[in-house]
Amino acid sequence: MTGSVQDPKGCFPQAFRAELDLLMRLRRDVRRFRTDPVDEAVLTRCLSSVALAPSVGLSEPWRIIRVESATARAAALRNFERANAAALADYSEDRAATYARLKLSGMREAPVQIAFYCDDETEKGHGLGARTMPEMRRYSVVTAITLFWLALRAEGLGLGWVSVLDPEALSRDLDVPATWRLIGYFCIGHPERLSDTPELEQEGWEQRFDMLPIETR
Ligand SMILES: Cc1cc2nc3c(=O)[nH]c(=O)nc-3n(C[C@H](O)[C@H](O)[C@H](O)COP(=O)(O)O)c2cc1C
């Protein structure tokens, strides 16, 4: 399938490229969600983007846990709150005060919560590309998450990546196989607001680079 929208050189139309650029610019990490439910058909459509992602050796090492039960959600929230308090304690003075003001997860409100794992020992792909760099399987999961993120944004939904967690404790609480490694915990839902500026910039935590750090050798 080559797609009828492309021209004979395989190029997508200018209007499409402009919109793709806009989608990438307006993708945000969202922590402030409305609590109304997400349409299951829309979520399924967005999740299907995961299957389109590149993966080392075509290993498709992504494993997805939908965190639905009150018990599992409470354990994940407790995990975040402990890790967040420990992170706060590592900062001092103004940085600590700014950190304390940040909202770093939407786990109390987000109607959909999903943990993405990598199966570090999958035999799919027969080890191609992962012999010297086994972490490539984990990077493959990150590429899939990026596609999912953009697909959600295109549907007007937000995703918030939560990494302020103890991964071993979460894996125990979610009862996942020992060979799976947590890549990220994701809050998903309708954003309370949209923005073209990362929230960490708005809150004075950090700025985007002005220029890409590209060097030549
Ligand atoms: C690997 C990864 C982990 C992240 N972990 C968190 C997190 O724990 N909490 C949070 O609020 N944001 C987290 N973020 C979101 C970043 O803070 C955000 O991407 C960055 O500030 C740029 O904002 P933008 O995504 O809206 O462009 C994470 C993002 C990535 C890629």
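Remember, it's a predicted structure, so these values are computed and weren't measured experimentally.

So what's going on with the site of the ligand? Residues and values would help.
Residues in close proximity to the ligand include Arg 27, Arg 28, Asp 29, Arg 31, Leu 104, Trp 161, Val 162, Ser 163, Val 164, Pro 198, Leu 200 and Arg 208, which together make up its full environment. Here Arg 27 contributes a side-chain N or O atom positioned 2.8 Å from an oxygen atom of the ligand. Ser 163 is positioned such that a nitrogen or oxygen atom in its backbone is 2.7 Å from an oxygen atom of the ligand. Here the ligand has 620 Å² of accessible area as a free molecule, and 74% of this is covered by the chains. Of the residues assigned to the shell around the ligand, the class counts are 6 nonpolar, 1 polar and 5 charged.

Tell me about the packing of aromatic side chains, residues and numbers included.
Evaluated as defined, the whole model comprises 9 aromatic pairs. Note on Tyr 91 and Trp 205: the rings are 5.3 Å apart at their centroids and 85° apart in plane angle, and the pair reads as edge-to-face. Of the two residues, Tyr 91 sits in the loop between helix H3 (70–89) and helix H4 (93–101) while Trp 205 sits in the segment after helix H7 (199–202), which places them 114 residues apart along the sequence. A relative accessible area of 33% places Tyr 91 in the partly exposed class. Taking 5.7 Å as the distance between ring centres and 65° as the angle between the ring planes, the aromatic pair formed by Tyr 99 and Trp 205 counts as edge-to-face. A residue pair is termed long-range when its members are at least 10 positions apart, and Tyr 99 in helix H4 and Trp 205 in the segment after H7 qualify at 106 residues. Of the two residues, Tyr 99 and Trp 205, neither departs from the other in class, the shared state being buried. Through successive ring pairs, a cluster of aromatic residues spans Phe 116, Phe 148, Trp 149, Trp 161 and Phe 186. The lysine or arginine in question, Arg 27, covers the ring of Trp 149, its NZ or CZ lying 4.4 Å from the ring centre.

Give me the lowdown on the environment of Gln 113, citing residues and values where you can.
You can see Gln 113 is positioned in strand S2 (residues 112–119). Expressed as a C-alpha distance, the spacing of Gln 113 and Cys 187, which sit 74 residues apart in the sequence, is 4.7 Å. Gln 113 has contacts with Ile 65, Arg 66, Val 67, Arg 73, Gly 106, Met 107, Tyr 185 and Phe 186, leaving out every residue within four places of it along the chain. For Gln 113, the side chain forms a polar contact with the main-chain oxygen of Met 107, separated by 2.9 Å.

What counts and what doesn't
Residues numbered from 1 in each chain as written. Predicted model: local features only at pLDDT ≥ 70, side-chain atom pairs only at ≥ 80, totals over all residues. Heavy atoms only, no water. Near = heavy atom within 4 Å. Polar contact = N/O pair within 3.5 Å; in protein donor to acceptor, adjacent residues only side chain to side chain. Areas by Shrake-Rupley, 256 points an atom, 1.4 Å probe, with all protein chains shown as cover. Nonpolar A, V, L, I, M, F, W, Y, C, P; charged D, E, K, R; others polar. Phe/Tyr/Trp six-rings, centres within 6.5 Å; stacked < 30°, edge-to-face > 60°. Helix = DSSP H or I, 4+ residues; strand = E, 2+ residues; numbered from the N terminus. Buried < 20%, exposed > 50% of the residue type's maximum accessible area, 1.4 Å probe, protein only. Lys NZ or Arg CZ within 6 Å of the ring centre and 35° of its normal. Contact = heavy atoms within 4.5 Å.

All quantities given are derived from atomic positions and should not be read as evidence of function.
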